[in-house]
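# Reading the structure
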Amino acid sequence: MSFQPLTQEPDIQSKWLEQGAFSISTQDIGAREPYYTLVMLPYPSGRIHMGHVRNYTLGDVAARFQRMRGKAVMHPLGWDSFGLPAENAAIKHGIHPAIWTRENIADMKAQIQRLGISYDWDREIASYLPDYYRWNQWLFLQMWKRGDVFRALRNVNWCEALGTVLANEQVVDGKDERTGHPVVQRPLEQYFFAITNYADELLKGLEGLDWPDNVKAMQRHWIGRSEGARLRFAVPEQPAVEVFTTRMDTLFGVSFLALSIEHPLIEAQADQDPKLRAFVARIQAQSREERMTADVKEGQRTALHAVHPFTGELIPIFAANYVLMDYGTGAVMGVPAHDERDHEFAVKYGLPIPKVIDSTDPWEPGTLVNSGEFDGLSSEAAAQAMVARLGDRADRAVTFKLRDWGLSRQRYWGTPIPTVHCPEHGVQPVPETALPVRLPEDVAFSGAGASPLTTSQAFLAAACPICGGPARRETDTMDTFVDSSWYFLRYLDPKNEALPFDKVAADAWMPVDLYIGGIEHATMHLIYARYFHKVLRDLGMVSCDEPFQKLICQGMVLKDGFKMSKSKGNVVDPDEVLARYGADALRLFMIFAAPIEKELDWTGFDGIEGSTRFLKRVARLVDEHTLSAAPLPPREQLTREEQDLLRKLHQTIHRITEDLAVRYQFNTVVSSLMELVNAFGDLPLAAPHRGPVLQHALEAFVRLLSPVAPHLAEQLFGQLGGTGFAMAAAWPAADPAWMAADEVLVVVQVNGKVRGRVTVPAAATEDQRREAALACAEVLPHLQGKEIAKVILPPNGKLVNIVVKNTGE
RNA sequence: GCGAAUGUGGCGGAACUGGUAGACGCACUGGAUUUAGGUUCCAGCGGUUCAUUCCGUGCGGGUUCGAGUCCCGCCAUUCGCACCA
């Protein structure tokens, strides 16, 4: 029948779908162990790209392997279908985001099905559908009740000309990327999830996760825990200024306080100080980007002074551009002698630079000097002593870089936040019975002005849940990261109309056994989802602490060393490859060409030609084989070559199983398959038991092939007389008795250099191995005139090292 | 600057606990089959050498009978964060 992927693969795919070969249910758990393979929720941009192909193929190999091992495999896919591109398409082409999204999903789904990925499509979800986003709203209400949601002011990117808020990615060089209108920072009242309540747990939880080190490091850094102290400086006739410091020991070196321009004290002073007001206004006018990238430290002296808590000295207070309002307390004690930034600032403004720490590196801790009663103490001891001595003016404190999660978006295409604004009762959540709050259809997409939601009168009109009076419906929508923070739970119970998911289903499958996706989600998505999962646990909805036990980040797919992108014009369309080579060849190449976590360079079609060559060879091997019903003869009746083939078979089963189950090293799975195929070629045509030996080996081989090249495996499985699906057949077991050879090759080294090889019986004792090595013909010349100091025999028995030294002359 | 990772043939990469460096594939070279191209098959393919001679896993040291693997010090590349008090 040979290898005809373009006609055979679609047939096999329809058979799988018709017979529900990929479907799974919670009832399947019991006799079978659950296994949950997940890939990151894709955005339906319209076309799949090679990155998707790589990601989904990797997940599918794991899913198919675990299924064959008898696990109940959960393997779903859905669509992260809210977000800016759909709204931009609406503005640009006048097509409604829902229609654009629906069409894109249909196209991409067809492409993915053509790859033969074994998703249980009955569990497909899409976040833009009310069936899904109503549960975002429901969860928001639960979190509101628990106090996980709050409202606060935060700066947004505001474009005056458009009268709209822009997302960070829409702002380039301080301008709207579409129109070029200037963008400034402006505070707006928004909703937040109090993720910082979980900062410590999010940090500690990383320890137990089987995740790549760099991802864990990124999260640790993102959470950014630092220990120090909070300390209040008295300011005459003003409220005290609280600072956070990790270097309490340097307190005697303070020569100024630097406050953020948003600090309340600075805001109050600016009212009466024109110079300060001008400074604040100038910094405020800078775009977010300008301000983040400015590396010049600037400040403006205020008329105020703080009192040093120990010396009583008056310390000038500055407003400074390098102090961030949302880290620590928004105020810094300036210690120029022992902090690089403070030093730069003090030099610029002519402030004193008193040295108070003796150490080799001025920025590092050491021993205190010029610090009164604390002189001579170590930095660590001094910090403790100072906090104690200051009583209620200082406390030990921990600060995080992690900020609360602002979830408001002034956009149409997202989950409406389920609240109303009542003139009487303020912001009130809508009752659960009123969910979902649906997105209205009658909106205008102009790209200018406030959110399109404000153009729907029907949507805006609401009633206050407390007084029943007229209220304005909230027009902010949720960050799409909310959608992707719990979707993996909805897959487990996608049709539930009473709850987002049932706890029984969640307990059955969670945590996810293998999560595969791009490293670009190392911080945001992977922290938000962990946070949501912990909130859900505290709501009693899930039992485990962490959602994703094992994470693998696959490398990017490149073309000639560069990221594939439309603008570079170097995109390789998966459809083109599928149309020429079929799914199996593409899958095989994706798995074989590079280790999972490394970049994969698509240098041309040579690689996939090689994959096709291999698959053809495999097909030919089975075509040329004559079916044999005879039982496999006992080992002792087989010839050496026949035994060699079966030994290679069992060694390969062992290796591939380890690579898939333990090491997650998929590229060597393909190498092992190729080696085994090469070994098939070494079996002589005249081998007396060729029929049964080959039959036995091919039946096992086809199963090993099935996760990577499932279509061809299906076809060959049938050709070899198998019934049912290859994908449902049992994974072969490696027989240790077969893996061991009765003779082993021993490498003989002299002083660590390979000098010869001898074959000894597997059962040979150490003494026999030593004898054989010393008698080895190639080794003898290297022993001439030398004294044998010792002979090393490592426990693996595959090597003998003879250590010699020169005798006299 | 801080953090993490990675350096192995012309290329992608193997080498699992320190034990035959270069598996497997791509490209290339020669040969066979073929009218030819393609396909398929066989052989070769790190450098060097008269020689299985010596050299060789980014560089320099070290530990060891033995180092791609472990330790110390560099260099380079990639990624992430970046005024974090």
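Structure: see above.
Presented here is a report on the structure given in the accompanying data block. (Residues numbered from 1 in each chain as written. Chains lettered and ligands numbered in written order. Predicted model: local features only at pLDDT ≥ 70, side-chain atom pairs only at ≥ 80, totals over all residues. Heavy atoms only, no water.)

For the rest of this paragraph, the subject is the pattern of salt bridges. A complete count under the given rule lists 40 salt bridges for this structure. For D358, the salt bridge is made with K355, and the minimal N-O distance between the two is 3.3 Å. K355 sits in the partly exposed class, given a relative accessible area of 43%. R770 serves as the salt-bridge partner of D767, at 2.8 Å between the closest nitrogen and oxygen. Here R770 and D767 lie together in helix α25 (residues 766-774), a separation of 3 residues that amounts to about one turn. Relative accessible area serves as the criterion here: at 48%, D767 is assigned to the partly exposed category. Using a relative accessible area of 25% as the deciding quantity, one classes R770 as partly exposed. (Salt bridge = Lys/Arg side-chain N within 4 Å of Asp/Glu carboxyl O. Buried < 20%, exposed > 50% of the residue type's maximum accessible area, 1.4 Å probe, protein only. Helix = DSSP H or I, 4+ residues; strand = E, 2+ residues; numbered from the N terminus.)

So, on to the sheet that holds strand β34 (residues 799-806). Judged by pairing direction, the sheet is mixed, and its 4 strands sit side by side in the order β32-β31-β34-β33 without closing on themselves. With one partner strand each, in any of the chains shown, β32 (753-761) and β33 (786-792) form the two edges of the open sheet. Here the average twist between neighbouring strands, direction ignored, is 25 degrees. As paired elements, strand β31 (residues 743-750) and β32 share 8 bridges and run antiparallel to each other. Counted as the bridge partner of E743 is P761 from β32. Relative to β32, α25 is tilted by about 130 degrees, and along the sheet it contacts β31, β32, β33 and β34. (Pairing = 2+ DSSP bridges. Axes fitted to C-alpha atoms, helices over the stretch in contact; angles between N-to-C directions. Contact = heavy atoms within 4.5 Å.)

The environment of RNA strand B is formed by 52 residues, the closest being K297, R341, A593, R613 and N801. Here, RNA strand B places atoms within 4 Å of the protein, and 64% of those atoms are sugar or phosphate. At 3.2 Å from a phosphate oxygen of RNA strand B is found a side-chain nitrogen or oxygen belonging to N667. Within the side chain of N801, a nitrogen or oxygen atom sits 2.5 Å from a base oxygen of RNA strand B. Top element by residues in the surface near RNA strand B is helix α21 (residues 667-681). It accounts for 6 residues. (Near = heavy atom within 4 Å. Polar contact = N/O pair within 3.5 Å; in protein donor to acceptor, adjacent residues only side chain to side chain.)

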